[in-house]
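A closer look at the structure
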Amino acid sequence: MSNPGEADLTPIQHPRQLAEWFAAGSKPCDAWRIGTEHEKFGFRRDDLSPPPYEPGGIRAMLEGLQALGWEPILDSGKPIGLKRGGASVSLEPGGQFELSGAPLADLHQAEAELHNHLDEVRQVGGALGLGFAPLGFHPLAKRADMPWMPKGRYAIMRQYMPRVGSMGLDMMLRTCTVQVNLDFGAEADMVEKLRVSLALQPLSTALFANSPFAEGQPNGLRTLRGRVWTETDPDRTGIPAVAFEQGFGFERFADWVLDVPMYFIMREGRWIDCAGSSFRDFMARGLPQHPGVEATMGDWADHVTTVFTDVRLKRFLEMRGSDAGSPEMMQAMPAFWVGLLYDGAAQTAAAALVRDWPVAELQALRIAVPEQALATPFRGRTLRDWGHDALAIAGQGLRARGLGEERYLAPVQAVLDSGETQADRWLRLCREEWGGEVARVLSAAAI
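Here the structure is a predicted model, which is why all the values come from computation and not from measurement.

Topic: the overall build of the chain
A count of helical and extended segments in the chain gives 17 helices and 17 strands. Here the C-alpha atoms of the chain give a radius of gyration of 21 Å, agreeing with the 22 Å that 2.2 N^0.38 yields for 447 residues. Taking the principal axes of its C-alpha atoms as reference, the chain extends roughly 65 × 55 × 40 Å. Counting over 447 residues, the chain shows a buried share of 57%. Taking contacts inside the chain between residues at least 6 apart in sequence as the whole, the part at least 24 apart equals 74%. For the chain, the exposed area adds up to about 17,000 Å²; of that, 49% sits on carbon and sulfur atoms.

Notes on the packing of helix H11 (residues 327-341) against helix H12 (residues 344-354)
Packing of H11 against H12 brings their axes to within 6 Å, and their N-to-C directions diverge by 95 degrees. With respect to their mutual orientation, H11 and H12 come out roughly perpendicular. Listed contacts from H12 to Gly339, Leu340 and Leu341 of H11 are Ala346, Gln347 and Ala350. Residue classes in the contact of H11 with H12 are distributed as four nonpolar, two polar and no charged.

Focus on helix H16 (residues 422-432)
Within H16 the residues assigned to the buried category are Gln422, Ala423, Asp424, Trp426, Leu427, Leu429 and Cys430. Close packing links the buried residues of H16 with strand S8 (213-214), strand S9 (217-218), H11 and helix H17 (440-445).

Quick word on the nonpolar core
Counting 109 residues, the largest nonpolar core has Phe97, Trp300, Phe336 and Trp337 as the members making the most contacts within it. Setting aside residues up to four positions removed in sequence, Trp337 forms contacts with Val180, Leu182, Ser197, Leu200, Gln201, Ser204, Met319 and Tyr342. Counting residues in each nonpolar core, the second largest holds 20 residues, with Ile156, Met157, Leu221 and Trp229 among its members.

Some remarks on empty space enclosed by the protein
Scanning the entire structure with this criterion turns up five cavities of 30 Å³ or more. Considering only enclosed or pocket space, the largest cavity measures out at about 120 Å³ in volume. If you trace the largest cavity, you find twelve residues lining it, with Glu39, Glu92, Thr177, Trp229 and Arg320 closest to the centre. By residue class, the composition of the lining of the largest cavity is four nonpolar, three polar and five charged.

Quick word on unusual backbone geometry
A cis amide bond links Glu54 with the next residue in sequence, Pro55, at an omega value of 0 degrees. Mapped onto the elements of the fold, Pro55 is located in the loop between strand S1 (34-44) and helix H2 (58-66). The phi angle at Leu48 is positive, at roughly 70 degrees, despite the residue not being glycine. Within the secondary structure, Leu48 is located in the loop between S1 and H2. Positive phi is not limited to glycine here, since Ser76 has a value of about 55 degrees.

What about helix H14 (residues 383-401)?
Taking 1.5 Å of rise per residue, 19 residues should cover 27 Å, and H14 covers 27 Å from first to last C-alpha, within 8% of that figure. Residues Leu383, Trp386, Gly387, Ala390, Leu391, Ile393, Ala394, Gly395, Gly397 and Leu398 constitute the buried set of H14. Immediately downstream of H14, the backbone of Gly402 shows phi near 70 degrees, a positive value.

Points about the pattern of salt bridges
Per the stated rule, a full pass over the model turns up 29 salt bridges. Of the charged contacts in the structure, one is a salt bridge between Glu111 and Arg407, with a shortest N-O distance of 3.4 Å. With a gap of 296 residues between them, Glu111 in helix H3 (residues 107-127) and Arg407 in the loop between H14 and helix H15 (410-418) connect regions that are remote in the sequence. With a shortest N-O distance of 2.8 Å, Arg366 and Asp310 are connected by a salt bridge. With Arg366 in helix H13 (residues 359-372) and Asp310 in the loop between strand S13 (308-309) and strand S14 (311-313), this pair connects stretches of sequence that are 56 residues apart. What makes Asp310 buried here is its relative accessible area of 5%.

A short note on the packing of H2 against H3
At a minimum axis distance of 9 Å, the contact between H2 and H3 shows a crossing angle of 120 degrees. The angle between the axes of H2 and H3 places the two elements in the oblique class. Here H2 and H3 pass one another in a crossing that is right-handed. Two secondary-structure elements touch here, H2 through Ala60, Met61, Gly64 and Leu65 and H3 through Glu120, Val121, Val124 and Gly125. Among the residues making up the contact of H2 with H3, the classes are represented as five nonpolar, two polar and one charged.

Some remarks on the environment of Ile80
Looking at where Ile80 falls in the secondary structure, it is placed in strand S3 (residues 78-84). Along the backbone, Ile80 and Glu92 are twelve residues apart, and their C-alpha atoms lie at a distance of 9.5 Å.

A closer look at the packing of aromatic side chains
Within this structure, the stated rule accounts for 20 aromatic pairs. Here the aromatic rings of Phe22 and Phe253 are separated by 5.3 Å at their centres, their planes lie at 75 degrees, and the arrangement is edge-to-face. Residue Phe22 is found in helix H1 (residues 16-23), and its partner Phe253 is found in helix H8 (residues 250-257); the two are separated by 231 residues along the sequence. Since its relative accessible area comes to 0%, Phe22 is described here as buried. On the basis of an interplanar angle of 80 degrees and a centroid distance of 6.0 Å, the ring pair of Phe22 and Trp300 is categorised as edge-to-face. With Phe22 in helix H1 and Trp300 in helix H10 (residues 297-304), this pair connects stretches of sequence that are 278 residues apart. On the basis of relative accessibility, which here comes to 0%, the residue Trp300 falls in the buried class. By way of ring pairs, the aromatic residues Trp21, Phe22, Phe248, Phe253, Trp256, Phe279, Phe282 and Trp300 are connected into one cluster. The ring of Trp386 has Arg381 lying over it, and the distance from NZ or CZ to the ring centre is 4.5 Å.

Reading the values: the criteria
- Residues numbered from 1 in each chain as written.
- Predicted model: local features only at pLDDT ≥ 70, side-chain atom pairs only at ≥ 80, totals over all residues.
- Heavy atoms only, no water.
- Helix = DSSP H or I, 4+ residues; strand = E, 2+ residues; numbered from the N terminus.
- Rg over C-alpha atoms; globule rule 2.2 N^0.38 Å.
- Buried < 20%, exposed > 50% of the residue type's maximum accessible area, 1.4 Å probe, protein only.
- Contact = heavy atoms within 4.5 Å.
- Areas by Shrake-Rupley, 256 points an atom, 1.4 Å probe, with all protein chains shown as cover.
- Axes fitted to C-alpha atoms, helices over the stretch in contact; angles between N-to-C directions.
- Parallel < 35°, antiparallel > 145°, perpendicular 65-115°, else oblique.
- Nonpolar A, V, L, I, M, F, W, Y, C, P; charged D, E, K, R; others polar.
- Core = buried A, V, L, I, M, F, W, Y, C linked by side-chain atoms within 4.5 Å.
- 1 Å grid on protein atoms, 1.4 Å probe; cavity = no way out; pocket = protein on both sides within 12 Å on 5 of 7 lines; lining within 4 Å.
- Points joined across faces, edges and corners; volume = space filled by probe spheres on them.
- Expected span 1.5 Å × (residues − 1).
- Salt bridge = Lys/Arg side-chain N within 4 Å of Asp/Glu carboxyl O.
- Left-handed = near helix turned anticlockwise from the far one by under 90°.
- Phe/Tyr/Trp six-rings, centres within 6.5 Å; stacked < 30°, edge-to-face > 60°.
- Lys NZ or Arg CZ within 6 Å of the ring centre and 35° of its normal.

Quick look at the structure:
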């Protein structure tokens with residue numbers, strides 16, 4: 001949920017413009033880049049409570065980072081993010097601290113960016129008595145314990161979420177993810193990349209499972225964050241069947257997004273609530289409560305950011321299925337997808353691996369994964385078995401790039417070899433070494 005860029009006031013005069021908006025992301029392979037995003041929960045080191053926006057909390061973090069060369073992003077005069085070069089720092093609704101990295105040429109640059117960011121967060125947070133822990137779901141706080149950040153769009157979503165799902169507010173307040181954004185070539189390349197990544201997203205959810213606790217207790221799952229997304233909003237989440245239909249492409253996807261209910265538009269620096277209306281109706285009839293307001297391409301770009309499918313198509317592809325985790329796993333996650341999708345032979349092999357997987361079975365797998373993670377059965381094997389196959393392909397893809405990036409897959413290989421996810425490790429430590437004291441996970445996971 002990143003902030004929209006400069007508003008594009010171009011009026012929408014034909015649906016073709018919407019498909020062309022996606023198609024404009026097509027790039028030759030030598031221009032493909034890697035963009036990572038990762039979130040972490042702040043906590044006060046003295047009592048482990050979530051820090052408020054102010055005083056002495058998230059706002060102070062933003063202001064402290066400004067001294068390191070970051071420029072503020074304001075909402076109604078309050079800092080709600082930062083920008084520096086091609087990167088930005090943004091806030092999720094509950095104050096989860098997110099780096100949206102710059103588009104980078106290789107995974108070594110992404111690793112350097114990650115560690116520089118973590119160093120800065122430690123420097124500023126340490127002076128404020130704050131720690132930051134990348135976990136998929138907050139292990140201690142109740143929903144009511146979490147603060148709300150002063151971002152106008154979040155106020156609209158806060159009102160709408162309970163109307164369409166039981167856990168939308170938990171998604172906003174109590175989850176953290178790691179994502180990678182990858183480019184595509186022509187339309188056929190986009191389609192194959194999207195289908196491969198959607199089919200393998202449940203595997204990614206299992207490999208990076210890291211949310212076994214809630215409100216101070218084991219929650220019975222390996223990734224509660226994975227479960228939360230199945231109870232958020234069925235109109236905009238999950239694995240959309242449309243991506244696997246014959247003839248799918250930019251135009252068909254744009255047509256599907258037209259019927260995803262809207263949240264808001266922005267006019268004159270203010271968010272306007274139009275939650276529940278479809279963009280199709282907005283284009284055809286405007287907004288009855290706001291006569292004279294017509295749909296623009298900037299509105300479309302904002303609307304696309306509210307599509308929360310497990311892989312989101314924008315002018316690039318966002319892999320959205322993984323829990324936040326250790327720095328090593330937050331680097332392994334983009335490595336996994338770059339290996340699969342940024343080498344032609346590897347992408348062909350990955351497409352062959354998943355070609356016969358029906359979308360209905362993938363959707364059922366996505367529902368099952370949060371409980372058993374790698375032990376989840378699928379098509380006569382377990383996801384752990386399928387993971388070995390996918391990781392071998394990813395390794396081949398990275399080796400073909402010739403940059404020595406395959407070393408970043410080592411943490412995932414260790415997970416597959418042992419069968420122990422990050423979630424399983426925390427459960428083991430809690431049971432065997434912490435005397436059942438779940439609260440210790442925050443400090444243990446802190447960056």
